[in-house]
Amino acid sequence: MDKILAQLDGLLIRYEELTEMMADPEVIGNTKRYLEVSKESAGMTEIVNKYQRYKEVMKEIADNNDLIRESNDKELTDLAKEELAELTTEQDNLEHEIMLLMLPTDPNDDKNIIMEIRGAAGGDEASLFAGDLLNMYHRYAERQGWQFELVDENRTEVGGYKEVAAMISGTNVYSKLKYENGAHRVQRVPETESQGRVHTSTATVAVMPEYDSVDLEIDPKDIRVDVYRSSGAGGQHINKTSSAVRMTHLPTGIVVAMQDQRSQQQNREKAMQILRSRVYDFYESENQSEYDASRKSAVGTGDRSERIRTYNYPQNRVTDHRIGLSLNKLDRIMNGEMDEIIDALIVSDQTKKLEQITDDNTNVL
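Residues numbered from 1 in each chain as written. Predicted model: local features only at pLDDT ≥ 70, side-chain atom pairs only at ≥ 80, totals over all residues. Heavy atoms only, no water.

As named in an unreviewed UniProt entry, the protein is Peptide chain release factor 1, taken from Lapidilactobacillus achengensis. On record in UniProt, under Subcellular location (unreviewed entry), the comment for the protein is "Cytoplasm". UniProt, in the comment section headed Sequence similarities (unreviewed entry), describes the protein in these words: "Belongs to the prokaryotic/mitochondrial release factor family." (UniProt positions renumbered as here; feature names shortened; annotations may be inferred.)

If you want it as structure tokens, here you go:
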């Protein structure tokens, strides 16, 4: 308790310092510095306001307890008891809200993402399921007001995807879709199944934050670039020019091939965006593996091979195995209505983090 209160008091002191700095002519005259200070201040405003109100509530609770203990006026003490009950409820709510605000935040939560979906076990049916997942995320992105751009695709003859990549841009995209990392399993009767038997297939989803050169600087000497003629559709322009690009990051062996854009320059830009995210994801995965060796995270390791969710078509059911959530709303979820699942994953993650914080502290302030 003392540790948490000390942290909150430290936040108040820092917030007051920032407020003074924002009124300092020297800071105001330095645009870069002013933006840094105002951004830090804005990020603290909510928890500072909650904590200030918490301190007011605790004082009012103490005053009411004093009044109840010392007063002989029954009507006055009854009013104090009513107010005390309301204040105690507000205290509990504030404690929970403050603890959530104190949870460590993922620095990537506000980033856009690159999502890669691959058909895995199940042949043609797996590729079709990869396409269904792509459509599900596309519809969810539309509901969120995000931009969804297909940047690379490798279609199969049956109309599915061996692999497909999309860029999703908007507000807090990674914070909501980061839990989709892993293996997704489908149980249904394929269109090609003549006996009506239910088949099981899988597709994997990789969610990577989009990084720019400021976040991750890759030495140009570590990249080999090959250009070649596109083999895809696109008319005479694409077929007659070497517009396709293959980039290889030599230290990791990661390869990105891009031919969906019209010009070589566009393919270079898209390939570099994806390569940068894959390289960062590679190094982050190494760090995550070290972390998970000692403590498994709330919603799984995020390993691509980990089966995270099952989509059962005969029973119209979706089950997320990490949190034991089953919803008989598969048709709606595949239509992009994913909020219930994603909100439950966020709450589960927050709960686990709260438990971790309160292992060394009491569960109240």
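Following the structure, the description resumes.
(A) Layout of the packing of helix 3 (residues 31–70) against helix 4 (residues 74–101). Two elements in contact, helix 3 and helix 4, have axes separated by 9 Å at closest approach and are oriented at 155 degrees. Taken together, the axis directions place helix 3 and helix 4 in an arrangement best described as roughly antiparallel. Seen from above, helix 3 lies across helix 4 with left-handed handedness. (Axes fitted to C-alpha atoms, helices over the stretch in contact; angles between N-to-C directions. Helix = DSSP H or I, 4+ residues; strand = E, 2+ residues; numbered from the N terminus. Parallel < 35°, antiparallel > 145°, perpendicular 65-115°, else oblique. Left-handed = near helix turned anticlockwise from the far one by under 90°.)

(B) The arrangement of the pairing of strand 1 (residues 113–119) in detail. When you tally the buried positions in strand 1, you get 5 out of 7 residues, the bulk of the element. Note that strand 1 and strand 3 (residues 161–169) share 6 bridges and pair antiparallel. Note that in strand 3 the partner of methionine 115 across the bridge is alanine 166. In terms of strand pairing, strand 1 meets strand 5 (residues 199–209) through 7 bridges, oriented antiparallel. Bridge assignment links methionine 115 to a residue of strand 5, and that residue is valine 207. (Buried < 20%, exposed > 50% of the residue type's maximum accessible area, 1.4 Å probe, protein only. Pairing = 2+ DSSP bridges.)

(C) Summary view of the sheet that holds strand 10 (residues 317–320). One open sheet accounts for 8 strands, arranged 2-3-1-5-4-9-10-11; its pairing is mixed. Each edge of the sheet is formed by a strand with only one pairing partner; in this case those strands are strand 2 (147–155) and strand 11 (325–327). Shown here is a sheet whose adjacent strand axes are inclined to one another by a mean of 15 degrees, direction ignored. One ladder, built from 3 bridges, connects strand 10 with strand 11; its direction is antiparallel. Considered in strand 11, the bridge of threonine 319 is made with serine 326.

(D) A look at the nonpolar core. In terms of nonpolar packing, the biggest core is built from 35 residues, with Ile117, Leu133, Tyr137, Leu177 and Tyr311 touching the most fellow members. Elements that contribute at least two residues to this core include exactly strand 1, helix 5 (124–144), strand 3, helix 6 (173–177), strand 5, helix 9 (330–334) and helix 10 (339–358). Not counting the four nearest positions on each side in its chain, tyrosine 137 is found in contact with Met115, Ile117, Phe148, Leu177, Glu180, His184, Val205, Arg309 and Met338. Core analysis: the next-biggest nonpolar cluster, separate from the first, contains 22 residues, Leu8, Ile61, Leu94 and Leu354 among them. (Core = buried A, V, L, I, M, F, W, Y, C linked by side-chain atoms within 4.5 Å. Contact = heavy atoms within 4.5 Å.)

(E) Here's a closer look at the pattern of salt bridges. One pass over the full model with this rule turns up 25 salt bridges. Between glutamate 36 and arginine 33 there is a salt bridge whose closest N-O contact spans 3.5 Å. Here the residue glutamate 36 and the residue arginine 33 both occupy positions in helix 3, the gap between them amounting to 3 residues, near one helical turn. On the basis of relative accessibility, which here comes to 40%, the residue glutamate 36 falls in the partly exposed class. Since its relative accessible area comes to 32%, arginine 33 is described here as partly exposed. With a closest N to O distance of 2.6 Å, lysine 329 and glutamate 340 form a salt bridge. Of this pair, lysine 329 sits in the loop between strand 11 and helix 9 while glutamate 340 sits in helix 10; the two residues are 11 residues apart in sequence, bridging distant segments of the chain. Owing to a relative accessible area of 40%, glutamate 340 belongs among the partly exposed residues under this scheme. (Salt bridge = Lys/Arg side-chain N within 4 Å of Asp/Glu carboxyl O.)

(F) Main features of the side chain of arginine 322. With respect to the helices, strands and loops of the structure, arginine 322 is situated in the loop between strand 10 and strand 11. Among the residues examined, arginine 322 registers a relative accessible area of 16% and is labelled buried. Here tyrosine 179 takes part through its backbone oxygen, which lies 2.5 Å from a polar atom of the side chain of arginine 322. In this structure the side chain of arginine 322 is engaged in a polar contact, spanning 2.7 Å, whose partner is the side chain of aspartate 320. (Polar contact = N/O pair within 3.5 Å; in protein donor to acceptor, adjacent residues only side chain to side chain.)

(G) Just helix 5, in detail. In this model, helix 5 (21 residues) spans 31 Å end to end at C-alpha, consistent with the 30 Å of a helix rising 1.5 Å per residue. With its phi angle positive at about 80 degrees, glycine 145 sits one or two positions after the end of helix 5. (Expected span 1.5 Å × (residues − 1).)

(H) Local environment of the sheet that holds strand 8 (residues 254–258). In spatial order, the strands read 6-7-8; together these 3 strands make up an open sheet with antiparallel pairing. In this open sheet, the two strands that pair with only one neighbour each are strand 6 (223–228) and strand 8. The average angle at which neighbouring strand axes cross in this sheet is 15 degrees, direction not considered. As judged from the 5 bridges shared by strand 7 (residues 244–249) and strand 8, these two strands associate in the antiparallel manner. Residue valine 245 lies in a different strand from strand 8, and its bridge partner there is methionine 258.

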